[in-house]
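Here's the letter readout for the chains.
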Amino acid sequence: MITALHTLVYSDDAPATRAFFKDVLEWPFVSEGSDDPAEWLIFSTGRSELGVHPTAGEHEGHAYSSPRHHAIAVMCDDPDATMAELSGRGATFAGEPNEMGFGRGVSLHVPGADDMLLYQPHHATAYNPEG
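Here's a quick rundown of the structure.

What counts and what doesn't
- Residues numbered from 1 in each chain as written.
- Predicted model: local features only at pLDDT ≥ 70, side-chain atom pairs only at ≥ 80, totals over all residues.
- Heavy atoms only, no water.
- Helix = DSSP H or I, 4+ residues; strand = E, 2+ residues; numbered from the N terminus.
- Contact = heavy atoms within 4.5 Å.
- Areas by Shrake-Rupley, 256 points an atom, 1.4 Å probe, with all protein chains shown as cover.
- Lys, Arg positive; Asp, Glu negative; His and termini not counted.
- Charge placed at Lys NZ, Arg CZ, Asp CG, Glu CD.
- Buried < 20%, exposed > 50% of the residue type's maximum accessible area, 1.4 Å probe, protein only.
- Pairing = 2+ DSSP bridges.
- Core = buried A, V, L, I, M, F, W, Y, C linked by side-chain atoms within 4.5 Å.
- Salt bridge = Lys/Arg side-chain N within 4 Å of Asp/Glu carboxyl O.
- Phe/Tyr/Trp six-rings, centres within 6.5 Å; stacked < 30°, edge-to-face > 60°.

### Looking at the overall build of the protein
- The helix and strand tally for the protein stands at 2 helices and 8 strands.
- In the protein, the succession of helices and strands from N to C terminus is α-β-β-β-β-β-α-β-β-β.
- Its C-alpha atoms put the protein at 55 × 40 × 30 Å along the principal axes.
- Of the contacts formed within the protein by residues at least 6 apart in sequence, a portion of 40% connects residues at least 24 apart.
- Approximately 9,500 Å² of the protein is accessible, and the part contributed by carbon and sulfur atoms is 52%.
- The averaged location of the 20 negative side-chain charges in the protein is 2 Å from the averaged location of its 6 positive side-chain charges.

This is the structure we're talking about:
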């Protein structure tokens, strides 16, 4: 039976990406691999959920389309406070949080890898069905 979900981030600068997750996001981790603990870190991402989005459709009278792909988004309770805290540890963002319909979010730059969406969900969450 399936016991967990393991997400993967492919990076052009894996040490910088791992350092970002470790030092900026402060995600707990285990070390796997060589004698150098920074070489191969596996991070705990805490509560999680998986959504499946269509590649094309219409929303509020506007057509949309997107190629098939996978994306990682991180959730928070307050984007402004989270941005301030993460900025203090060196994180950078693509502007300010915007209303996105499903939540309020902003792109979080990840060194060596693609951006992640940081957002405060307005939708029910699977890790907390009451929320």
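Having seen the model, we can carry on.
### Considerations on unusual backbone geometry
- Positive phi, close to 55°, is recorded for Glu-26, a residue that is not glycine.
- Looking at the secondary structure, you find Glu-26 in the loop between helix 1 (14-24) and strand 1 (29-31).
- You can call Glu-26 partly exposed: its relative accessible area is 49%.
- Phi at Glu-60 is positive, roughly 50°, even though this residue is not glycine.

### Some thoughts on the pairing of strand 3 (residues 56-59)
- Bridging between strand 3 and strand 4 (residues 62-65) involves 4 bridges; their strand directions are antiparallel. Residue pairing in the sheet places Gly-57 in a bridge with Tyr-64 of strand 4.
- Between the end of strand 3 and the start of strand 4, which pair antiparallel, lie 2 residues, with Glu-60 showing a positive phi angle near 50°.

### Here we look at the nonpolar core
- Formed by 19 residues in total, the largest nonpolar core has its most connected members in Phe-20, Phe-21, Leu-25, Ala-91, Phe-93, Leu-108 and Leu-118.
- Elements that contribute at least two residues to this core include exactly helix 1, strand 2 (41-43), helix 2 (79-88), strand 7 (103-108) and strand 8 (116-121).
- Counting residues per element, this core draws most heavily on helix 1, at 3 residues.

### Considerations on the pattern of salt bridges
- By the definition in use, this model includes 4 salt bridges.
- In this structure, the salt-bridge partner of Arg-89 is Glu-26, at a minimum N-O distance of 3.5 Å. With Arg-89 in the loop between helix 2 and strand 6 (98-99) and Glu-26 in the loop between helix 1 and strand 1, this pair connects stretches of sequence that are 63 residues apart.
- The exposure class of Arg-89 is partly exposed, given its relative accessible area of 24%.

### Here we look at the packing of aromatic side chains
- In total, this model carries 5 aromatic pairs according to the counting rule given.
- Measuring from centroid to centroid gives 5.6 Å for Phe-21 and Phe-43, while their planes differ by 80°, and the two rings are edge-to-face. Taken together, the positions of Phe-21 in helix 1 and Phe-43 in strand 2 put the pair 22 residues apart, joining distant regions of the chain.
- For Phe-21, a relative accessible area of 6% puts it in the buried group.

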